[in-house]
Amino acid sequence: MSEQGEPGMERGTNAGKGPYLDHRVGSAAGPGAGGSTFTVLVAAAANFGVALAKAVAGVLSGSSAMLAEAGHSVADTMTEALLFVALKRSKKPADEDHPLGYGPERYIWALLASVATFVGGGVFAVYDGIHALTHDEKPGNPLISYIVLAVAFVLEGLSLRTGWRQATGRAEHFRVPILRYLQHTPDTAVKAVVMEDSAALIGLVLAALGLLGGQLTGSGIFDGIASILIGVLLIVVAYILGRANTELLVGRALPRPMREAVRRELLSVDAVQDVLELTTLVQGPGEILIAAKVDFRDVSTSAQIEWACEEAETRLRTLIPAVKRVYLDPTPPRTSPPGLTE
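Note that this is a predicted model, so its numbers are computed, not measured.

Chemist: Which residues make up the packing of aromatic side chains, and what values do they have?
Modeler: Under the defined criterion, the tally for this structure stands at 1 aromatic pair. Note on Phe174 and Tyr181: the rings are 6.3 Å apart at their centroids and 20° apart in plane angle, and the pair reads as stacked. Look at Tyr181 and you get buried, because its relative accessible area is 2%.

Shown next as structure tokens:
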């Protein structure tokens, strides 16, 4: 049973009924698995073309909101480029210099991507909006901006649909609501695409409203306000993504019900007397490390301990398919060594 306050584990076992599948851990199977690279590439292509069109429209129309949107799309393009690097580098196999693999590297590059969104999109948009308000620049002909915004809305919508389909497929695989999946998933690449494309569509609407306000009133105030709102939106998105990647970089343990299940599975091995210390770590989507200090029964031979370790690893991989590494340390109980007295 899930502890109160934690999302329920819709699939799971603590009695050999089947493997645990948890959206907070991820897996390498199911709908949408392995599709993050394609999702990122689609988003990058859409944002690059949109960024150029917005920049041209912003210069021709003199719209601060359009220039803010151009900065938004440039930042998104940089973000997708960094996410692509993150996905490629994190898939490198473990080697002698990096025995635990490169999984956490995806969160380093993803964190840099959130910084790019913050600086390249959010800060620039807020600055440009403040500049428009203080200088009260008169808006130019908004026709080309409206056309670009309409085309951008279609392209961003197609990109969002790709990311949303992948996220929905993964959420259905884990049998959780889509918003809960996006909140807790360790696959921050698809999370970034969905959030940034959603923010892009909202930003396009804000830019259109700013243009419309300027067209109706002849004042650049509405354009400046729209630009500032776009910047604030991007800063919020960057903060959420940055926090999620930081948490995974620092190290996220398995959810408590899964940790308890791991402990029970270890104790079910005949030669195991007690689990003195248990450490679990989510290294990436579908990539879990488990390490434990285990007290084996005193009557166990060295061969029995070796086979017990193999049995424990097999049990854990069956219980949680995402487990990639298991390290068990035979450790005596925390009492005085045999033969020593006070």
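Chemist: Provide a residue-level description of the pairing of strand β3 (residues 323-330), including the pertinent values.
Modeler: Sheet analysis places strand β2 (residues 287-296) next to β3, joined by 7 bridges and oriented parallel. In the strand pairing of β3, Val294 is matched with Pro330. Once you follow β2 into helix α9 (residues 302-319) and on to β3, the crossover reads as right-handed.

Chemist: Explain the side chain of Glu265 residue by residue, including any values.
Modeler: Structurally, the position occupied by Glu265 is in helix α8 (residues 256-267). Classification of Glu265 as buried rests on a relative accessible area of 18%. In terms of polar contacts, Glu265 uses its side chain to reach the side chain of Arg315, at 3.4 Å. Discounting residues that sit within four places of it in the chain, Glu265 has contacts with Arg315, Leu316 and Leu319.

Chemist: Explain the nonpolar core residue by residue, including any values.
Modeler: One broad rule of soluble globular proteins: the nonpolar side chains tend to lie buried together. Counting 29 residues, the largest nonpolar core has Leu254, Val262, Leu266, Ile288, Phe296, Ile320 and Leu328 as its most contacted members. Listing elements by their share of this core, those giving two or more residues are α8, β1 (272-284), β2, α9 and β3. The element that contributes the greatest number of residues to this core is α9, accounting for 6 residues. Setting aside residues no more than four positions away along its own chain, Ile288 makes contact with Val25, Leu254, Leu281, Ile320, Ala322, Val323, Lys324 and Arg325. Within the second largest apolar cluster, 27 residues are counted, among which are Leu149, Ala171, Leu201 and Ile230.

Chemist: Please provide a residue-by-residue account of a nonpolar patch on the surface, values included.
Modeler: A grouping of Leu143, Ile147, Val151, Val154, Leu155 and Leu158 is seen on the molecular surface, where their side chains present a nonpolar patch of about 510 Å² in accessible area. Looking at the element boundaries, Leu155 is found in helix α4 (residues 143-174).

Chemist: Let's hear about unusual backbone geometry: which residues, and what values?
Modeler: The phi dihedral of Arg175 is positive, around 60°, even though this residue is not glycine. Take Arg175: it is sitting in the loop between α4 and α5 (178-184). Classification of Arg175 by relative accessible area gives exposed; the value is 52%.

Chemist: Quick rundown of the pairing of β1? Include the residues and the values.
Modeler: Bridging between β1 and β2 involves 10 bridges; their strand directions are antiparallel. In the strand pairing of β2, Thr279 is matched with Ala291. Remark: 2 residues form the turn of the hairpin made by β1 and β2, two consecutive strands paired antiparallel; Gly286 in that turn has positive phi of roughly 70°.

Chemist: How would you explain empty space enclosed by the protein if you had to name every residue and give the values?
Modeler: All told, the structure shown has 2 cavities of 30 Å³ or more when counted by the stated rule. One number sums up the size of the second largest cavity: a volume of about 30 Å³. What lines the second largest cavity is Thr79, Leu83, Ala110, Ala113, Ser114, Thr188, Ala192, Glu196, Leu241 and Asn245. Only α2 (64-90), α3 (105-135), α6 (188-217) and α7 (221-250) provide two or more residues apiece to the lining of the second largest cavity. Among the residues forming the lining of the second largest cavity, the class breakdown is 5 nonpolar, 4 polar and 1 charged.

Chemist: An account of the packing of helix α1 (residues 36-61) against α2 is needed here, citing residue identities and associated values.
Modeler: Two elements in contact, α1 and α2, have axes separated by 7 Å at closest approach and are oriented at 160°. As the angle between them shows, α1 and α2 are arranged roughly antiparallel. The chirality of how α1 crosses α2 is left-handed. Looking at the contact of α1 with α2, its residues break down into 17 nonpolar, 7 polar and 5 charged.

What counts and what doesn't
Residues numbered from 1 in each chain as written. Predicted model: local features only at pLDDT ≥ 70, side-chain atom pairs only at ≥ 80, totals over all residues. Heavy atoms only, no water. Phe/Tyr/Trp six-rings, centres within 6.5 Å; stacked < 30°, edge-to-face > 60°. Buried < 20%, exposed > 50% of the residue type's maximum accessible area, 1.4 Å probe, protein only. Pairing = 2+ DSSP bridges. Helix = DSSP H or I, 4+ residues; strand = E, 2+ residues; numbered from the N terminus. Right-handed = clockwise from strand over helix to strand, strands pointing away. Polar contact = N/O pair within 3.5 Å; in protein donor to acceptor, adjacent residues only side chain to side chain. Contact = heavy atoms within 4.5 Å. Core = buried A, V, L, I, M, F, W, Y, C linked by side-chain atoms within 4.5 Å. Patch = residues over 30% accessible without salt bridge, like charges linked within 9 Å, V, L, I, M, F, W, Y side chains within 5 Å. Areas by Shrake-Rupley, 256 points an atom, 1.4 Å probe, with all protein chains shown as cover. Salt bridge = Lys/Arg side-chain N within 4 Å of Asp/Glu carboxyl O. 1 Å grid on protein atoms, 1.4 Å probe; cavity = no way out; pocket = protein on both sides within 12 Å on 5 of 7 lines; lining within 4 Å. Points joined across faces, edges and corners; volume = space filled by probe spheres on them. Nonpolar A, V, L, I, M, F, W, Y, C, P; charged D, E, K, R; others polar. Axes fitted to C-alpha atoms, helices over the stretch in contact; angles between N-to-C directions. Parallel < 35°, antiparallel > 145°, perpendicular 65-115°, else oblique. Left-handed = near helix turned anticlockwise from the far one by under 90°.

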